[in-house]
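Structural features, examined
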Amino acid sequence: MSDDQPQQFWQGVEQFNTGEFYACHDTLEALWMEATEPEKTFYQGILQIAVALYHLGNHNWRGAAILLGEGSNRLRRYPSVYGGIDVDELLEQSAALLRTLQQTEPEKLATMKLGEAEALPLPKIVVGTED
């Protein structure tokens, strides 16, 4: 963990990684609203990916795809490791999920189980270490 991030951020990471996407959104939104750049956009990118995963759980494929793209675009401006997390890993996992959403028929998506490697693997936030 990075000492640079408030405890509330790590709470949001834990919520994200345990599938509590709505709670993660609420936690990170509170940080985002008070933050200044560059953290403001960083928090927003992560919370948009969390909301995308929340939409996915509600079978809102279009909303999930849009927010995965928007959140990823915000995070692309950050270094490989930023704020204590492996940004590149989160981007790679999010891009893989977005490709699956874009290439799979909605009827088939509705039958796929969330979080399973052979179905719809959900991104996880990995703690990153700077070299």
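Summarised in this report is the structure supplied together with it. (Residues numbered from 1 in each chain as written. Predicted model: local features only at pLDDT ≥ 70, side-chain atom pairs only at ≥ 80, totals over all residues. Heavy atoms only, no water.)

1. Details of the nonpolar core
Defined as follows: Only buried residues count toward a nonpolar core, which is a set of Ala, Val, Leu, Ile, Met, Phe, Trp, Tyr and Cys residues joined through side-chain atoms within 4.5 Å. Relative accessibility under 20% of the residue-type maximum defines a buried residue, over 50% an exposed one, and the middle range a partly exposed one, all with a 1.4 Å probe and only protein chains included. In this description a helix means any DSSP run of H or I spanning at least four residues, a strand means any run of E spanning at least two, and both kinds are numbered starting from the N terminus. Contact definition: two residues touch when any of their heavy atoms are within 4.5 Å.
Membership of the largest hydrophobic core comes to 37 residues, with the highest contact counts inside it found for F9, F16, F42, I46, L75 and I85. Mapped onto this core, the elements with two or more residues apiece are α1 (7–17), α2 (21–34), α3 (39–57), α4 (61–75) and α5 (87–103). Looking at which element gives the most residues to this core, the answer is α3, with 10 residues. Excluding residues within four positions of it along the chain, L75 makes contact with F42, G45, I46, I49, V87, L90 and L91.

2. Points about the packing of aromatic side chains
What counts, and what does not: For Phe, Tyr and Trp, rings pair up if their centres lie within 6.5 Å, where Trp contributes its six-membered ring, and each pair is then called stacked (planes under 30 degrees apart), edge-to-face (over 60) or tilted (otherwise).
By the definition in use, this model includes 9 aromatic pairs. Judged by centre distance (5.3 Å) and plane angle (50 degrees), the ring pair of Y22 and Y54 falls under tilted. Taken together, the residues span a long stretch of sequence, with Y22 in helix α2 and Y54 in helix α3 at a distance of 32 residues. When its relative accessible area of 36% is taken as the criterion, Y54 is described as partly exposed. Plain terms: the ring middles of F42 and Y43 are 6.1 Å apart, the flat faces sit at 45 degrees to each other, and that makes the pair tilted. Each of the two residues, F42 as well as Y43, counts as buried. An aromatic cluster of three or more residues is present, and its members are F9, W10, F42, Y43, Y78 and Y82.

3. Description of α3
Rules: Expected span, for any helix, means 1.5 Å times one less than how many residues it has.
In this model α3 runs 27 Å from its N-terminal to its C-terminal C-alpha over 19 residues, within 8% of the 27 Å that 1.5 Å per residue would give. α3 sits mainly inside the fold: 14 of its 19 residues count as buried.

4. Some thoughts on unusual backbone geometry
Cis geometry marks the peptide bond from E37 to P38, where omega comes out at 10 degrees. On the secondary structure map, P38 appears in the loop between α2 and α3. The phi dihedral of H59 is positive, around 60 degrees, even though this residue is not glycine. Relative accessible area serves as the criterion here: at 44%, H59 is assigned to the partly exposed category.

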